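As a plain string of letters, each chain reads:
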Amino acid sequence: ADVEDIFYHCAKVLLRESFWNDKDVIITGGGTIEKIDDVRCLTNFSSGKQASALALAYFLKGARVCLITSGESPATKAIECLHVKSTDELLKELLNKISTIDATSNGAYLVMAAAVSDYLPSIQHKGKLKKEALGENYTLELKQNIDVLSSIPRSKTLKIIGFKAEMDAEKAHEHAKAMLIKKALDAVCLNIITEENGFGSDKNRIDFITKEKTISLPLSNKESIARTIVELSAPL
Ligand code: CTP
């Protein structure tokens, strides 16, 4: 085995907690990639670092973890990782994973950190669009994307945590609380984006919001934020 894998296995033995034993945790991460044609795409700046840090934090506590991501892979091969690009691929892998864990699980969590595109091209062109054919101005028509979180079948044993990235600090909490209700979530991790914790940064600042309370996690590295989210998600 690789040195990293031996290290993380030993760390897991030292850090695991009985609560997470036989619990399944699915984490999604990274930005979705939607094709415009066979060489161009529509995506966003999400790196998948927070999702990868979450995968490791849940793994070290003893959970069975599956990371579904278009971004950064987990730190150890002991964590199952499914690489996806488009929303369709993400949804397919997610539904498949949920269907396999339902029967045997001692409780499951879905942490939806992926930055799923709200819109995608109405038409995916085959081959490469040529500017001779498109002309001086080219308008790309978009349609609203399917909402992955709203497409997940709800069950009492599956706890769901959504992520919300906001730039308007004044309205951020109101929007996050509205999403908690609208998408029937157990918690929302609100990330108010500033220069210090923008997309791709190694740091993050999160407000962990449930129906009952809001807990603010100060600016910190993504590994430390991940460990706190694991602790806060246990009693959901
Ligand atoms: N999400 C999803 N499917 C989508 C879009 C988002 O499942 N098509 C999930 C994300 O993974 C995240 C949460 O929903 O957990 C974000 O919700 P959303 O309402 O899309 O937040 P914003 O994109 O910030 O909303 P808006 O663009 O309206 O500000």
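Right above here is the structure, for reference.
In this report, we go over the structure that sits alongside the text. All residue numbers refer to positions counted from 1 along the written sequence of the respective chain. Per-residue local features of the predicted model are confined to residues with pLDDT of at least 70, and side-chain atom pairs are confined, for both listing and counting, to 80 or more; whole-chain, interface and lining totals are unaffected and use all residues. Excluding hydrogens and water, the side-chain figures rest on all heavy atoms present in the structure.

Observations regarding the overall build of the protein
At step 1: Only runs of H or I of at least four residues qualify as helices and only runs of E of at least two qualify as strands under DSSP, and these elements are numbered from the N terminus. For the protein, the helix and strand inventory stands at seven helices and twelve strands.
At step 2: Each principal axis of the C-alpha distribution contributes one length, and for the protein these read about 60 × 45 × 35 Å.
At step 3: Each residue is assigned to one of three classes by its accessible area relative to the maximum for its type, calculated with a 1.4 Å probe on protein chains only: buried under 20%, partly exposed between the two thresholds, exposed over 50%. By residue count, 45% of the 236 residues in the protein fall in the buried class.
At step 4: Contacts in the protein between residues far apart in sequence, at least 24 positions, make up 63% of those at least 6 positions apart.
At step 5: The charge count includes Lys and Arg as positive and Asp and Glu as negative, but it does not include His or the ends of the chains. Here the site of a charge means atom NZ of a Lys, CZ of an Arg, CG of an Asp or CD of a Glu. Charged side chains of the protein number 31 positive and 32 negative; the gap between the two group centres comes to 3 Å. Throughout, a contact is declared for two residues whenever any of their heavy atoms are within 4.5 Å.

Examining unusual backbone geometry
At step 1: A positive phi angle, near 65°, is found at Asp22, a position not held by glycine.
At step 2: Relative to the elements of secondary structure, Asp22 occurs in the loop between α1 (3-15) and β1 (24-29).
At step 3: One non-glycine residue, Ala184, lies in the positive phi region at around 50°.
At step 4: Tracing the backbone shows Ala184 in the loop between α6 (169-182) and β10 (187-192).
At step 5: For Ala184, a relative accessible area of 44% gives the class partly exposed.

Points about the environment of Lys213
At step 1: Mapped onto the elements, Lys213 comes out in the loop between β11 (203-209) and β12 (214-221).
At step 2: A relative accessible area of 52% means that Lys213 is categorised as exposed.
At step 3: Separated by 26 residues in sequence, Lys213 and Ala187 place their C-alpha atoms 9.7 Å apart.

Things to note about the pattern of salt bridges
At step 1: By salt bridge we mean one thing: a side-chain nitrogen of Lys or Arg within 4 Å of a carboxyl oxygen of Asp or Glu. Summed over all chains, the structure comprises eleven salt bridges.
At step 2: Notably, a salt bridge pairs Lys77 with Asp2, separated by 2.5 Å at the nearest N-O pair. Here the residue Lys77 occupies a position in the loop between β4 (64-69) and β5 (80-83), and Asp2 occupies one in the segment before α1, the gap between them amounting to 75 residues.
At step 3: The partner of Lys77 in a salt bridge is Asp5, with the nearest N and O atoms 3.2 Å apart. You can see Lys77 sitting in the loop between β4 and β5 and its partner Asp5 sitting in helix α1, a full 72 residues away along the chain.
At step 4: Taking relative accessible area as the criterion, Lys77 reaches 63% and is therefore assigned exposed.

What to know about the nonpolar core
General note: in soluble globular proteins, nonpolar side chains tend to be found buried as a group.
At step 1: One finds Val25, Ile27, Tyr58, Val65 and Ile229 to be the most contacted residues of the largest nonpolar core, which totals 33 residues.
At step 2: The biggest single contributor to this core is helix α2 (residues 49-61), with nine residues.
At step 3: Excluding anything up to four places from it in sequence, Ile27 contacts Ala51, Leu54, Ala55, Tyr58, Val65, Cys66, Leu67, Ile68 and Val111. We call a set of buried Ala, Val, Leu, Ile, Met, Phe, Trp, Tyr and Cys residues a nonpolar core when their side-chain atoms join them within 4.5 Å.

Structural notes on the side chain of Asn145
At step 1: Note on placement: Asn145 falls in the loop between β8 (142-144) and α5 (148-151).
At step 2: With a relative accessible area of 12%, Asn145 lands in the buried category.
At step 3: Within the local environment of Asn145, its side chain forms a polar contact with the side chain of Thr87, the two groups lying 2.8 Å apart.
At step 4: A polar side-chain atom of Asn145 sits 2.8 Å from the main-chain carbonyl oxygen of Ser117. Polar contacts, as counted here, are pairs of nitrogen or oxygen atoms within 3.5 Å of one another; within protein the pair requires one atom able to donate a hydrogen and one able to accept it, and residues that are adjacent in sequence qualify only if both atoms are side-chain atoms.

A closer look at the site of the ligand
At step 1: To be near a molecule or strand, a residue needs just one of its heavy atoms within 4 Å of it. As a structural note, the neighbourhood of the ligand is formed by 15 residues, with Met112, Ala114, Asp118, Ile146 and Leu149 the closest of them.
At step 2: Here an oxygen atom of the ligand and a backbone polar atom of Leu149 are 2.8 Å apart.
At step 3: Relative to its unbound accessible surface of 580 Å², the ligand loses 74% to contact with the protein.
At step 4: Listing elements by their share of the shell around the ligand, those giving two or more residues are α5 and β9 (158-166).
At step 5: With four residues, the single largest contributor to the shell around the ligand is β9.
At step 6: Residues are grouped as follows: Ala, Val, Leu, Ile, Met, Phe, Trp, Tyr, Cys and Pro are nonpolar; Asp, Glu, Lys and Arg are charged; every other residue, Gly included, is polar. Grouping the amino acids of the shell around the ligand by side-chain chemistry returns nine nonpolar, two polar and four charged. Working definition of accessibility: Shrake-Rupley area with a 1.4 Å probe, residue cover restricted to the visible protein chains.

So, the side chain of Thr28
At step 1: Assignment of secondary structure puts Thr28 in strand β1.
At step 2: Ignoring sequence-local partners within four residues, the contact set of Thr28 consists of Ala51, Ile68, Leu90, Leu94, Leu110, Val111, Met112, Ala113 and Ala114.

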